[in-house]
Amino acid sequence: MINIFIKKIEQINEKEAQAIISSLSENAKKRLNKKRNKDLFLASLCALSLLSDLQRADLDYHDSGVPFFKTLDADISISHSKNYVTVAISNSKDNPVGIDIEDDVIKSPSNRFLTESEQNALENGTPYLEIWTKKEALFKFLKNDSTPFINLDTTFPEKHKARFTTIQIENATLSVCSRPNTKIEIIQK
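The following refers to the structure shown.

Details of the packing of aromatic side chains
Logical step 1: Going through the model one piece at a time under the given rule, you end up with four aromatic pairs.
Logical step 2: Here the aromatic rings of Phe113 and Trp132 are separated by 6.0 Å at their centres, their planes lie at 70 degrees, and the arrangement is edge-to-face. Within this pair, whereas Phe113 is found in the loop between strand S6 (98-103) and helix H5 (116-123), its partner Trp132 is found in helix H6 (residues 128-142), the two being separated by 19 residues in sequence.
Logical step 3: Note on Phe139 and Phe149: the rings are 5.5 Å apart at their centroids and 80 degrees apart in plane angle, and the pair reads as edge-to-face. Remark: Phe149 occurs in the loop between H6 and strand S7 (163-169) and Phe139 occurs in helix H6; sequence separation between them is ten residues.
Logical step 4: Using a relative accessible area of 36% as the deciding quantity, one classes Phe139 as partly exposed.
Logical step 5: By way of ring pairs, the aromatic residues Phe113, Tyr128, Trp132, Phe139 and Phe149 are connected into one cluster.

So, in C-alpha cells, the structure goes:
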C-alpha cells in the first residue's frame, strides 16, 4: 500500500512552521535550513506538514539528498512543483516508491535526457511532462541504482519490476513509480 499526499502550496503561519521544524531530526533541520530560496523553504515546510510528528522525527536524508526513514518500516519520496507538494509513503522499506509532480509549463523541454524509446513515445503523442515525471519517479524509485538518469527508460518499467501511475491535477502532472500490484491511495489535503 502506498499513500500519496497532495497539497497545494500555501503560506504557513509562524506557529505552524515552528511546530513542524521542532519535530524534525537534527539532520532534517540542517537540510531545511540550507533552503535559502524562500519558495523552496515554503514548499519543504508544506511537504513536511503532510507527515505525522513521528514520521518527521524519523526522517533523514542520504548525502545525495534522498529522504528516508531511519527506523520506520516505510519508504518515502517527496516532490514539489510551483503549485503543489506531494509525499508518497509506502507500507514497507521493501516496497519502494518514487514520485514526481511538475506544472504543465516547462520553459524549454529537452529531448537530450530522453532515450530513443521515450523520444518515439513523444513523437507518438505521449505528453512530454508524462515522460519526464515518469523518468524522475523511476529515478527516485530506484534510489541507489547506478544507472545514469539519462539511460533510464520509462517505456519498459517491467525491467525494474515497476509500474507507473500518472494523473493530472489541475495544471500539473503527477507520476508514481511503484511495484506492480501495489495499491495506491491518493489523499488530497
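Moving on from the coordinates now.
Focus on the sheet that holds strand S1 (residues 2-8)
Logical step 1: Across the sheet, which stays open at both edges, the four strands sit in the order S4-S5-S1-S9 with mixed pairing between neighbours. The open sheet has two edge strands, strand S4 (76-80) and strand S9 (184-188), and neither has a second partner. When strand polarity is set aside, the average angle formed by the axes of neighbouring strands in this sheet is 15 degrees.
Logical step 2: Of the pairings in the sheet, the one linking S4 to strand S5 (residues 84-90) comprises five bridges and is antiparallel in character. When the sheet's bridge partners are listed, Ile76 is paired in S5 with Ile89.
Logical step 3: Strands in contact with helix H3 (residues 38-49) are S1, S4 and S5; relative to S5, the strand with the most contacts, it is inclined by about 40 degrees.

Rules and cut-offs
Residues numbered from 1 in each chain as written. Predicted model: local features only at pLDDT ≥ 70, side-chain atom pairs only at ≥ 80, totals over all residues. Heavy atoms only, no water. Phe/Tyr/Trp six-rings, centres within 6.5 Å; stacked < 30°, edge-to-face > 60°. Helix = DSSP H or I, 4+ residues; strand = E, 2+ residues; numbered from the N terminus. Buried < 20%, exposed > 50% of the residue type's maximum accessible area, 1.4 Å probe, protein only. Pairing = 2+ DSSP bridges. Axes fitted to C-alpha atoms, helices over the stretch in contact; angles between N-to-C directions. Contact = heavy atoms within 4.5 Å.

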